[in-house]
Amino acid sequence: MSPVLATAGFVLAFLLVLYFTPLARQAALRFGIVDQPDGRLKRQTEPVPYLGGLAVFLAYLVALGLVFSFNSRLLGLLLAGTLIRDGIALVGAPPPARRTVRGHRI
């Protein structure tokens, strides 16, 4: 990969992040995908939108897809993995199994 192409991919991803992040923030606020303050652990004064990471990852995917040439099978695997990961992130991973050693939870 040439340095010019790598730089172009980085700049494109950066510009896309600047575009996608406010859109993700608006969507998170509109649909209630926010972290609510509780006064104990979460001391922020206003709800914090959750979708910023998704905006960054989407910008990365778009820039990667435009800079590199993928075959359809590799792109399908990348998108399927992305959907699974984001689905687990939005729904929530299952709780870890309770493990104990001599009666103490670890």
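Computed from a predicted structure; not experimentally measured.

### Quick word on the side chain of D35
So, step 1. Looking at where D35 falls in the secondary structure, it is placed in strand β1 (residues 34–35).
So, step 2. Looking at D35, the relative accessible area reads 15%, which means it is buried.
So, step 3. At 3.3 Å, the side chain of D35 forms a polar contact with the side chain of Y50.
So, step 4. When residues no more than four places from it in sequence are discounted, the contact partners of D35 are K42, Q44, E46, P47, V48 and Y50.

### Some thoughts on the packing of helix α1 (residues 3–31) against helix α2 (residues 52–67)
So, step 1. It is the contact of α1 with α2, at a shortest axis distance of 8 Å, that shows an interaxial angle of 145 degrees. α1 and α2 meet at a crossing whose hand is right-handed. Contact with α1, carried on its side by L5, G9, L12, A13, L16, V17, F20, T21 and A24, involves A55, V56, L58, A59, V62, A63, L66 and V67 of α2 and no other residues of that element.
So, step 2. When grouped by side-chain class, the residues that make up the contact of α1 with α2 number 15 nonpolar, 2 polar and no charged.

### Section: α1
So, step 1. Taking 1.5 Å per residue as the helical rise, α1 with its 29 residues ought to reach 42 Å, and the 41 Å between its terminal C-alpha atoms agrees with that figure.
So, step 2. Most pronounced at F20, the bend in α1 amounts to some 25 degrees, and the proline P22 follows within four residues.
So, step 3. Residues of α1 that are buried: G9, A13, L16, F20, A24 and A28.
So, step 4. The secondary structure elements touched by the buried residues of α1 are β1, β2 (48–49) and α2.
So, step 5. Among the residues trailing α1, G32 stands out with phi positive, at a value near 75 degrees.

Reading the values: the criteria
- Residues numbered from 1 in each chain as written.
- Predicted model: local features only at pLDDT ≥ 70, side-chain atom pairs only at ≥ 80, totals over all residues.
- Heavy atoms only, no water.
- Helix = DSSP H or I, 4+ residues; strand = E, 2+ residues; numbered from the N terminus.
- Buried < 20%, exposed > 50% of the residue type's maximum accessible area, 1.4 Å probe, protein only.
- Polar contact = N/O pair within 3.5 Å; in protein donor to acceptor, adjacent residues only side chain to side chain.
- Contact = heavy atoms within 4.5 Å.
- Axes fitted to C-alpha atoms, helices over the stretch in contact; angles between N-to-C directions.
- Left-handed = near helix turned anticlockwise from the far one by under 90°.
- Nonpolar A, V, L, I, M, F, W, Y, C, P; charged D, E, K, R; others polar.
- Expected span 1.5 Å × (residues − 1).
- Bend = angle between axes of the 7 residues up to and from the residue.

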